[in-house]
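Structural overview for review
Okay, here's what each chain looks like letter by letter:
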Amino acid sequence: MTTVTPRGPDAVPDILDDVLRKTQDALWTAFSPDELPVVLAAFMPSQPVTVHSKAYIVLSAYCQRRRAEASSPEAGTQAICKTFETDVVARIADTDNLEVLAGLTFFAALFDVDHLSASSIFLRDGVLESIMDALDLFPTLRHIDIAVSHLLARVAGHKTCRALLGEDHHKWLEWKSRQTDDPELRAAAAVAMVKLARGSSVDATEAGGSVDQPMEDAELATLMKGLVVDGRQTSSVVDAVEGLAYLSTTPSVKEMLSKDPVFLSKLFAFVPRRKGASALSLEDVAGSPLYGTVVVIGNLCAYRPRLSPEEAQIAKLRRMAKTPKNPGQIQPEDREDPLDDDEHVKERGRKIVTAGALEALTSAVRATDSRAVRLVVGKAILSLIEDKENRGKVLQAGGAKALITIIQNVVSPSKPTDTNTVPQLDATDFEPVQALAKLAITASPVQVFGPNEGAIHDAIRPFSLMLTHPNANLLQRFEAMMALTNLASQSPEAASRIARADGLMNKVEMLMLEDHTLIRRASTELLCNLVAGCEEIFDKWGGTKNSSSKSKLQVLIALCDVDDMPTRLASSGALATLTASSDACQSLAELQNERHRILSILGQLIDPAVVARPLGDEEDGEQEEGLPTDPGLVHRGIVCVRNLFYGIENKAAQMEIASESNHVGLVHALVLAVKGCAQNTGSPILRPAAESLKWLLEHGVEIPV
């Protein structure tokens with residue numbers, strides 16, 4: 001075995017740079033005898049953070065290379081183990097403390113980079129014993145204790161490795177986490193305790209049993225919180241924040257942390273705030289608690305998952321399948337902690353916003369381009385704006401700009417030519433887009449995107465992608481449509497860009513036929529704005545006669561007759577716009593001649609007490625009395641009728657429409673509408689209603705006084 005760092009420490013960065021360049025060479029296959037010892041020793045605490053970061057890059061590049069060249073995942077694991085196993089195991093079993101420290105720190109790094117190969121090495125006979133023997137061999141060396149704690153923390157994150165850890169390992173970690181002489185060691189051991197406790201609890205639950213925890217979550221959280229508030233040693237703070245990132249999933253810990261403004265202030269201060277500063281370099285991020293900080297914020301304001309009835313039933317069946325060994329035993333996940341209900345979450349959110357969480361989150365986006373950090377920030381902002389009181393504060397803190405930056409990183413195509421390629425995303429990737437959509441729904445586009453219309457145009461793609469992507473959930477699709485509806489009303493250009501988004505119109509047309517009321521409503525409202533703002537959609541939906549225009553108009557007519565007021569307003573609004581075209585009026589006349597429902601449905605918009613329901617509705621199980629109306633429906637209905645009358649060019653069709661209008665009671669409804677304007681001569685319905693009656697009179701219909 002070669003010794004640690006065969007060259008001077010000043011040469012280590014240059015050697016790592018040289019190795020990194022070689023990994024890009026297709027002919028490079030392995031480390032040289034001089035290079036491997038440098039890589040193995042690069043993670044020792046005596047090396048600066050910059051060396052640690054470069055070593056991580058080198059190790060990651062090598063492992064990726066080996067896996068890419070392997071015929072299977074198992075072959076990739078074997079190739080990586082073949083490179084490192086002998087040297088790592090030999091160093092850990094060495095009698096020289098520097099060799100042992102090099103082996104332990106590299107082993108922990110390998111778990112971070114390629115846990116499959118690291119786990120394979122750890123599971124070999126005698127490896128765990130050698131790790132623990134090092135503690136007996138060097139009982140006074142704190143760096144060995146810290147390295148073992150860090151390694152056990154990595155081990156505790158993987159079930160197969162965790163199964164080897166027994167009571168002695170638990171007791172050693174508990175002992176080191178309770179000592180007060182060395183905060184860095186205390187934090188490292190406590191993080192391992194937290195991970196081990198969490199993993200053991202999951203293992204026990206899966207097996208239908210329970211596990212005794214040597215230290216309660218509250219005790220561990222208090223320990224970690226104290227280290228953060230003290231904040232004298234960066235390494236201990238990083239470990240403490242990592243531990244709180246795990247512990248803050250527990251409702252009681254969330255409450256404790258959210259009620260401590262001193263702690264929150266200290267925690268948020270770890271995020272660089274200097275405006276205009278360049279993004280942190282990789283080594284800066286690696287040595288900071290930035291990721292852990294945003295995870296804690298996200299946990300404090302996270303709501304329980306909103307499950308659909310089907311998802312709730314599946315979750316119940318899964319819990320039933322995990323039958324406890326003791327018949328009377330209650331599974332932990334069967335109990336919903338009241339500290340995690342919506343009211344408690346909302347209150348925690350307000351407390352952390354007051355303490356400066358929003359500034360910390362937006363600053364974190366500027367501080368690093370890490371995808372992991374930015375996705376957590378997006379999720380946290382989404383949780384915070386569930387409370388409408390926070391939405392204005394989010395905008396003031398630059399939350400919309402931060403979300404736009406995150407979205408560009410997550411959903412932008414890897415190449416300029418890939419704009420029509422569907423990215424590989426899941427529902428969690430859409431959370432920043434969903435947060436921006438919520439802001440765009442409740443605030444004006446100028447407040448969210450600024451005065452530059454280009455920013456609005458840039459938002460169309462992620463919103464349309466969230467609507468059409470198969471992995472987006474139903475709520476995300478709904479909120480995407482709501483946001484796009486607002487954007488479509490901004491300008492004809494915005495509406496046209498939305499209409500041209502890949503796959504969007506097909507999706508909207510399909511969702512207009514959904515049984516879900518809110519989904520059907522949102523899709524109809526979006527179409528209404530697109531018909532008004534985009535000439536292409538106007539023509540497609542009946543403005544110009546084509547093979548499908550009649551069927552599309554029939555859908556809009558049907559939606560005017562559903563039991564949901566906003567849907568009726570949107571569909572009748574789209575019809576009012578479309579009937580400005582004589583082609584649309586001709587198609588509606590043909591539908592009236594075929595089905596005899598058009599005039600009845602339009603009349604129901606004006607006065608359901610006078611106009612009869614279309615024939616067949618009672619057979620469908622609907623109530624005999626008409627649907628409710630409001631001034632908006634009356635106006636839209638009268639405009640549709642007026643446009644229809646004047647848009648029909650065929651004389652025979654005109655006479656037929658006039659006769660049927662009288663038959664269904666539409667004439668009476670128009671008369672009552674005009675009489676209702678007697679005290680309001682400026683009413684917008686007066687002129688189209690009067691023009692409709694004039695047309696009827698000209699076509700032989702007697703108008704009752």
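Residues numbered from 1 in each chain as written. Predicted model: local features only at pLDDT ≥ 70, side-chain atom pairs only at ≥ 80, totals over all residues. Heavy atoms only, no water.

**A word on the overall build of the protein chain**
Counting its secondary structure elements, the protein chain contains 39 helices and zero strands. Restricting to contacts in the protein chain with at least 6 residues of sequence separation, those with at least 24 account for 72%. (Helix = DSSP H or I, 4+ residues; strand = E, 2+ residues; numbered from the N terminus. Contact = heavy atoms within 4.5 Å.)

**Looking at the environment of Gly503**
Following the sequence through the fold, Gly503 ends up in the loop between helix H28 (492-500) and helix H29 (504-511). Considering only alpha carbons, one finds Gly503 and Leu465, 38 residues apart in sequence, at a separation of 8.9 Å.

**A look at the packing of helix H26 (residues 453-468) against H29**
At a closest axis distance of 10 Å, the pairing of H26 and H29 adopts a crossing angle of 45 degrees. By the criterion of interaxial angle, the relationship of H26 to H29 is oblique. Considering only the axes of H26 and H29, their crossing is left-handed. Touching Ser464, Leu467 and Thr468 of H26 are Leu504, Lys507, Val508 and Leu511, all from H29. Partitioning the contact of H26 with H29 into residue classes produces four nonpolar, two polar and one charged. (Axes fitted to C-alpha atoms, helices over the stretch in contact; angles between N-to-C directions. Parallel < 35°, antiparallel > 145°, perpendicular 65-115°, else oblique. Left-handed = near helix turned anticlockwise from the far one by under 90°. Nonpolar A, V, L, I, M, F, W, Y, C, P; charged D, E, K, R; others polar.)

**Considerations on the nonpolar core**
In terms of nonpolar packing, the biggest core is built from 213 residues, with Phe84, Phe107, Phe122, Ile131 and Phe463 touching the most fellow members. The dominant element in this core, judged by the number of residues it contributes, is helix H5 (residues 97-113), at ten residues. Here Phe122 is in contact with Phe107, Phe111, Val127, Leu128, Ile131, Val155, Cys161, Leu164 and Leu165, once residues within four sequence places are set aside. (Core = buried A, V, L, I, M, F, W, Y, C linked by side-chain atoms within 4.5 Å. Buried < 20%, exposed > 50% of the residue type's maximum accessible area, 1.4 Å probe, protein only.)

**Considerations on the packing of aromatic side chains**
Per the stated rule, a full pass over the model turns up eleven aromatic pairs. When the ring of Phe84 is compared with that of Phe106, the centres are 5.0 Å apart and the planes differ by 55 degrees; the resulting orientation is tilted. One end of the pair, Phe84, is in helix H4 (residues 73-92); the other, Phe106, is in helix H5, and 22 residues separate them in sequence. Ring geometry for Phe111 against Phe122: centres 6.4 Å apart, planes inclined by 70 degrees, an arrangement best described as edge-to-face. On the criterion of sequence distance, the pair formed by Phe111 in helix H5 and Phe122 in helix H6 (residues 115-122) is long-range, its members being eleven residues apart. Like Phe111, the residue Phe122 is buried in the burial classification. (Phe/Tyr/Trp six-rings, centres within 6.5 Å; stacked < 30°, edge-to-face > 60°.)

**With respect to the pattern of salt bridges**
Using the criterion set out here, one finds 42 salt bridges in the structure. Salt-bridge contacts for Glu99 lead to Arg91; the nearest nitrogen and oxygen are separated by 3.4 Å. Overall, the relative accessible area of 7% leaves Glu99 in the buried class. The class of Arg91 is buried, set by a relative accessible area of 1%. Here Asp387 makes a salt bridge to Arg350, at a shortest N to O gap of 2.6 Å. One end of the pair, Asp387, is in the loop between helix H21 (371-384) and helix H22 (391-396); the other, Arg350, is in helix H19 (residues 342-355), with 37 residues separating them in the sequence. Overall, the relative accessible area of 5% leaves Asp387 in the buried class. Judged by its relative accessible area of 28%, Arg350 falls in the partly exposed class. Connected through shared salt-bridge partners, Lys254, Glu255, Lys259, Asp340 and Arg348 make up one network. (Salt bridge = Lys/Arg side-chain N within 4 Å of Asp/Glu carboxyl O.)

**Digging into the state of the cysteines**
Overall, the coordinates contain zero disulfides when judged by the stated rule. Sulfur of Cys585: no disulfide; nearest cysteine sulfur belongs to Cys640 and is 9.0 Å away. (Disulfide = S-S within 2.5 Å.)

**Examining a negative patch on the surface**
Taken together, the side chains of Asp125, Glu129, Asp133 and Asp136 define an acidic patch exposed on the protein surface. Within the element layout of this structure, Asp136 appears in helix H7 (residues 127-137). (Patch = residues over 30% accessible without salt bridge, like charges linked within 9 Å, V, L, I, M, F, W, Y side chains within 5 Å. Areas by Shrake-Rupley, 256 points an atom, 1.4 Å probe, with all protein chains shown as cover. Lys, Arg positive; Asp, Glu negative; His and termini not counted. Charge placed at Lys NZ, Arg CZ, Asp CG, Glu CD.)

**What to know about the confidence of the model for the protein chain**
With 87% of its residues at a pLDDT of 70 or more, the protein chain shows a mean pLDDT of 88. Predicted confidence is poor over residues 275-286, with pLDDT under 50, and the contacts of this stretch with residues over four places away or in other chains come to 17 contacts. Note on residues 618-624: pLDDT is under 50 here. Beyond four places in sequence and across chains, it has seven contacts. (pLDDT = per-residue confidence, 0-100.)

**Some remarks on helix H20 (residues 357-367)**
Counted residue by residue, H20 has nine buried out of eleven residues, so it is predominantly covered. For H20, every residue scored as buried is listed here: Ala357, Leu358, Ala360, Leu361, Thr362, Ser363, Ala364, Val365 and Ala367. In this fold, the buried residues of H20 make contact with helix H15 (261-268), helix H17 (290-300), H19, H21, H22 and helix H23 (399-411).

**Some remarks on the side chain of Arg477**
As for its position among the elements, Arg477 is in helix H27 (residues 474-488). Buried within the structure, Arg477 lacks any salt-bridge partner; its nearest side chain of opposite charge belongs to Glu514, at an N-O separation of 7.1 Å.

**Considerations on the side chain of His699**
Assignment of secondary structure puts His699 in the segment after helix H39 (686-698). There is a polar contact of 2.8 Å between the side chain of His699 and the backbone oxygen of Trp695. Dropping the residues within four chain positions of it, His699 is found in contact with Gln654, Met655 and Ala658. (Polar contact = N/O pair within 3.5 Å; in protein donor to acceptor, adjacent residues only side chain to side chain.)

**A look at helix H32 (residues 549-559)**
For H32, the set of buried residues is Ser549, Lys552, Leu553, Leu556, Ile557 and Leu559. End-on, the buried residues of H32 take up no more than an arc of 165 degrees, which puts them together on one face. (Arc of directions from axis to C-beta.)

**Here we look at the environment of Leu267**
Relative to the assigned elements, Leu267 resides in helix H15. Between the alpha carbons of Leu267 and Gly292 there is a distance of 9.6 Å; along the sequence they are 25 residues apart. In this structure Leu267 touches Val228, Val241, Thr293 and Val296, once residues within four positions along its chain are discounted.

**A few points about the environment of Ala109**
Along the chain, Ala109 falls in helix H5. As for Ala109 and Leu59, which are separated by 50 residues in sequence, their C-alpha atoms are 8.6 Å apart. If sequence neighbours within four positions are ignored, Ala109 has contacts with Phe43, Tyr56 and Leu59.

**Observations concerning the packing of H26 against H27**
Two elements in contact, H26 and H27, have axes separated by 8 Å at closest approach and are oriented at 150 degrees. The orientation of H26 relative to H27 falls into the category roughly antiparallel. Viewed along their axes, H26 and H27 form a crossing whose handedness is left-handed. On the side of H26, the interface is formed by Ile456, Ala459, Ile460, Phe463, Ser464, Met466 and Leu467, while H27 contributes Gln476, Arg477, Ala480, Met481, Ala483, Leu484 and Leu487.

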